[in-house]
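Fold and geometry: a report
Single-letter residue listing:
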Amino acid sequence: MTHTDSHTDVTAPLLQVSGLKVHFPLRPGLFGKPAAMVKAVDGVDFTVHRGETLGLVGESGCGKSTTGLAVLRMTPLTEGRIVFDGEDISHPDAATTKRLRRKMQMVYQDPFGALNPRMRVLDIIGEPLRVHRLTRTRAEYRERVMDLLDRVGLKAEMADRYPHEFSGGQRQRIGIARALAADPSLIICDEPVSALDVSIQAQVINLLEDLQRDLGLTYLFVAHDLAVVRHLCHRIVVMYLGRVVEVADRERLYQAPRHPYTQALLGAIPIADPDPEVQARFNPSVDGEVPSPIDPPPGCPFHPRCPHATDLCRREAPRPIDVEDGHSVACHLHDPSRAAEMNHSEPSYQEQARNIA
Ligand code: SF4
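Residues numbered from 1 in each chain as written. Predicted model: local features only at pLDDT ≥ 70, side-chain atom pairs only at ≥ 80, totals over all residues. Heavy atoms only, no water.

We apply this condition: UniProt positions are given in the numbering used here, feature names are shortened, and annotations may be inferred rather than shown by experiment.
In the nomenclature of an unreviewed UniProt entry, the chain is known as ATP-binding cassette domain-containing protein of Alloalcanivorax xenomutans. UniProt's Sequence similarities (unreviewed entry) comment on the chain is quoted here verbatim: "Belongs to the ABC transporter superfamily."

Below, the structure written as structure tokens:
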């Protein structure tokens, strides 16, 4: 294990995830043998650069939250490698785990369940300061918590209140303040606004943006809501059934999504050509739900729902193809070497995207 604390290359990515697999037994069967394995994450690669917000997006059951837990090293890896700040943390020892608990923090989806109802806000926010012994005196501790309250837009006198005295948006601010307390390098935001009223969501998103700008934070933002991701994220990784299907920066993903699943997720794509036939072809809707990760379909995992599926899709999983710099898609439609087997008479997505760009 190589740790490069004092010689960190600030141009290197903060986080690199390669070939990540997280499989776990559904329940013990006879004689304690697992009855079935859940392939929650099944070969995922992505990189998070310093100071950026990377969105991890997909429907419920696509493996995005498990990926976040794996990065936090809160669930064991079945396969793969995670490098954080120059250090391989795939199999951390106790000392590394303790350091990671400080450098990586999480903001949870449920601001009601995430805060201990019997603790005052002072001690909720200050918990990481105590655990990691980051302040020396009670006065310093209190002062630091006051600073954190101020950073997230809450008043100093709120420190002595209990969580039930706050609204949902205020509780999420408390959760964010606690995540900031230990001065982390990476914050994993797991659907942090999906439990909040729409009117409050924008305020919390704006706060996260302000904090990123002021403190140079890096976020891994897990979401199913593409509207939120569009506003906040610099790049987006779309996941489906434990795999990455498309990676692109925000503009490209919204203007020219290539994977049929991304297109379906995006719903109404603003395109220049108002012809409904073109729009329907470019932006097909899909029916059904994500199949079970216990018994994923063979070939392309999206094929049971994909309007373009062929025999090749049912037989063979697509590999990621770089369609342009920084934009990759795992779909046979975009693999020039499989064009003959896809045998589509319609214009390809590449052609459609070019035509409407
Ligand atoms: Fe659809 Fe085939 Fe592409 Fe999978 S590989 S998304 S089934 S066209």
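**Description of the site of the ligand**
Our working definition: The nearness test applies per residue and asks whether one of its heavy atoms lies within 4 Å of the molecule or strand. Three classes are used, and their members are as follows: Ala, Val, Leu, Ile, Met, Phe, Trp, Tyr, Cys and Pro are nonpolar, Asp, Glu, Lys and Arg are charged, and the others, Gly among them, are polar.
Taken together, the neighbourhood of the ligand is formed by 14 residues, with Cys300, Cys306, Cys313, Cys331 and His332 sitting nearest. Partitioned by chemical class, the residues of the shell around the ligand number 10 nonpolar, 4 polar and no charged.

**Some words on a nonpolar patch on the surface**
Applied cut-off: The patch calculation keeps residues exceeding 30% relative accessible area without a salt bridge and links them within 9 Å when they carry like charges or within 5 Å when they are nonpolar (Val, Leu, Ile, Met, Phe, Trp, Tyr). In these tables, accessible area is a Shrake-Rupley quantity obtained with a 1.4 Å probe, and a residue counts as shielded only by the protein chains included in the view. Here a salt bridge means any side-chain nitrogen of Lys or Arg lying within 4 Å of a carboxyl oxygen belonging to Asp or Glu. Helical segments are the DSSP runs of H or I of at least four residues, strand segments are the runs of E of at least two, and each set is numbered from the N terminus. Under the scheme applied here, a residue whose accessible area is under 20% of the maximum for its type counts as buried, over 50% as exposed, and between as partly exposed, the area being computed with a 1.4 Å probe on protein chains only.
On the surface, a nonpolar cluster with roughly 260 Å² of combined accessible area is contributed by Leu69, Met74 and Tyr108. Relative to the elements of secondary structure, Met74 occurs in the loop between helix H1 (64-71) and strand E4 (79-84). Residue classification places Met74 among the partly exposed residues on the basis of a relative accessible area of 46%.

**Section: H1**
Of all 8 residues that make up H1, 6 are buried, and the element is covered over most of its length. Among all positions of H1, only Lys64, Thr66, Thr67, Gly68, Ala70 and Val71 are buried. Within two residues after H1, Arg73 carries a phi angle of roughly 60°, on the positive side.

**Notes on the sheet that holds strand E1 (residues 15-25)**
Inclusion rule: Two strands pair if DSSP finds at least two bridges between them.
Across the sheet, which stays open at both edges, the 4 strands sit in the order E2-E1-E4-E5 with antiparallel pairing between neighbours. Pairing within the sheet leaves two strands with one partner each, and these edge strands are strand E2 (37-48) and strand E5 (87-88). Relative to E2, E1 is paired through 9 bridges, and the arrangement is antiparallel. What sits directly across from Val17, in E2, is Phe46.

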